[in-house]
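# Examination of the molecular architecture
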Amino acid sequence: MVAKGDMLYAWASTEEGVKKGECGGAVTALLRHALESKMVDGVLVVKKGADIYDATVEIVTDPADVEKGSGSLHCGTLLLSKILTKYLGGGNGMKLALPVKGCDTMGILELAKREKINLDNLYLIGLNCGGSVSPVDATKMIRERFGTNPDDVVKEEIDKGQFIIVTKDGGHKGISIDELEDEGYGRRTNCRRCLYKVPRQADLACGNWGVIGDK
Ligand code: SF4
């Protein structure tokens with residue numbers, strides 16, 4: 001029996017799910033299970049729009065579509081508390097599961113205190129977050145500092161203190177975030193001073209920080 005505060009290693013139960021997820025696919029598998037078991041009516045996924053600099057949202061109701069939100073997007077700067085209140089009636093219309101960063105969680109909790117968001121209808125899966133880069137600044141940084149055409153980048157990640165890009169020809173390049181930020185590039189200033197990188201107030205807090213062995 002699992003108790004509140006327990007910490008577990010988790011990953012998707014299918015090989016494909018493990019491969020598609022950023023770190024083993026546990027979050028996608030949990031969101032998919034919430035939908036399949038009818039715990040929720042829909043999952044609010046954050047997914048790639050036109051390219052990696054364009055984060056968009058979609059409510060999916062088919063469990064097969066949950067994987068649209070697999071993987072991370074550090075160059076999109078959506079705030080889900082705003083999406084919930086502005087476009088989704090504060091979560092009053094349907095039961096939703098959604099992945100949340102620390103700032104999403106803080107916004108959601110504050111708006112719930114003001115009765116603008118209905119927490120009873122939300123199932124929050126917290127994600128550890130090292131920060132995000134504004135889309136315009138990201139393309140500038142990739143062009144000027146990585147010497148790469150931003151349109152050629154198909155994936156980016158922040159890992160072990162590095163901002164890493166993957167290009168469509170399969171190339172990888174990583175530069176230390178400290179180095180980038182000393183030079184005026186890197187994460188948004190609010191992310192640099194953020195103290196809530198592991199959203200423990202979500203229903204579950206997931207992430208790869210502190211993991212020993214393969215992620
Ligand atoms: S570092 Fe903090 S403020 Fe920045 S995106 Fe992550 S949770 Fe939000």
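Residues numbered from 1 in each chain as written. Predicted model: local features only at pLDDT ≥ 70, side-chain atom pairs only at ≥ 80, totals over all residues. Heavy atoms only, no water.

## Some remarks on the site of the ligand
Around the ligand, the surrounding shell consists of Lys101, Gly102, Cys103, Cys129, Gly131, Ser132, Arg188, Cys191, Cys194 and Lys197. Partitioning the shell around the ligand into residue classes produces four nonpolar, three polar and three charged. (Near = heavy atom within 4 Å. Nonpolar A, V, L, I, M, F, W, Y, C, P; charged D, E, K, R; others polar.)

## Describing the domain arrangement of the chain
Interface size is often expressed as the accessible area that is lost when the parts come together. Annotation of the chain at the domain level lists domain 1 (17-129 + 194-206) and domain 2 (135-186). Here the C-alpha centre of domain 2 lies 25 Å away from the C-alpha centre of domain 1. In this assembly, nine residues from domain 1 lie in contact with 12 residues from domain 2. Across the domain 1/domain 2 interface, buried area totals approximately 870 Å², and carbon plus sulfur atoms make up 57% of it. On the domain 1 side of the interface with domain 2, the three residues burying the most area are Ile52, Tyr53 and His74, jointly 62% of the side's total. Applying the counting criterion to the domain 1 and domain 2 interface returns zero salt bridges. Our count for the domain 1 to domain 2 interface comes out at two residue pairs in polar contact (both at pLDDT 80 or more). In terms of residue class, the side of domain 1 that touches domain 2 is built from four nonpolar, three polar and two charged. (Domains from an automatic or database assignment. Contact = heavy atoms within 4.5 Å. Buried area = accessible area lost by both parts, 1.4 Å probe. Salt bridge = Lys/Arg side-chain N within 4 Å of Asp/Glu carboxyl O. Polar contact = N/O pair within 3.5 Å; in protein donor to acceptor, adjacent residues only side chain to side chain.)

## Details of the packing of aromatic side chains
This structure, assessed with the given rule, holds one aromatic pair. Summarising the aromatic geometry, the rings of Phe146 and Phe163 are spaced 6.0 Å apart at their centres and angled 70° between planes, so their arrangement reads as edge-to-face. Within this pair, whereas Phe146 is found in the loop between helix H5 (135-144) and strand E5 (153-159), its partner Phe163 is found in strand E6 (residues 162-167), the two being separated by 17 residues in sequence. For the pair shown, Phe146 and Phe163 are each scored as buried. (Phe/Tyr/Trp six-rings, centres within 6.5 Å; stacked < 30°, edge-to-face > 60°. Helix = DSSP H or I, 4+ residues; strand = E, 2+ residues; numbered from the N terminus. Buried < 20%, exposed > 50% of the residue type's maximum accessible area, 1.4 Å probe, protein only.)

## Some words on the sheet that holds E5
Strand order in the open sheet made by the three strands is E5-E6-E7, with antiparallel pairing throughout. The open sheet is flanked by E5 and strand E7 (172-176), the only strands paired with a single partner. Each strand axis lies, on average, 20° off the axis of its neighbour in the sheet, ignoring direction. Where E5 and E6 come together, six bridges link them in antiparallel fashion. Each residue of the ladder has a partner; that of Asp159, found in E6, is Gln162. (Pairing = 2+ DSSP bridges. Axes fitted to C-alpha atoms, helices over the stretch in contact; angles between N-to-C directions.)

## Side note on the environment of Ala112
Relative to the elements of secondary structure, Ala112 occurs in helix H4 (residues 102-113). The buried category is assigned to Ala112, whose relative accessible area is 18%. A C-alpha to C-alpha distance of 37 Å links Ala112 and Lys140, two positions 28 residues apart in sequence. Aside from chain neighbours lying at most four places away, what touches Ala112 is Ile117 and Leu119.

## Remarks on the environment of Gly76
Counting through the fold element by element, Gly76 comes out in the loop between strand E2 (55-60) and helix H3 (80-87). With relative accessibility at 13%, the residue Gly76 sits in the buried group. Each C-alpha atom of the pair Gly76 and Lys47 lies 9.5 Å from the other, and the pair is 29 residues apart in sequence. For Gly76, the contacting residues outside a window of four places in its chain are Ala55, Ser132 and Val133.

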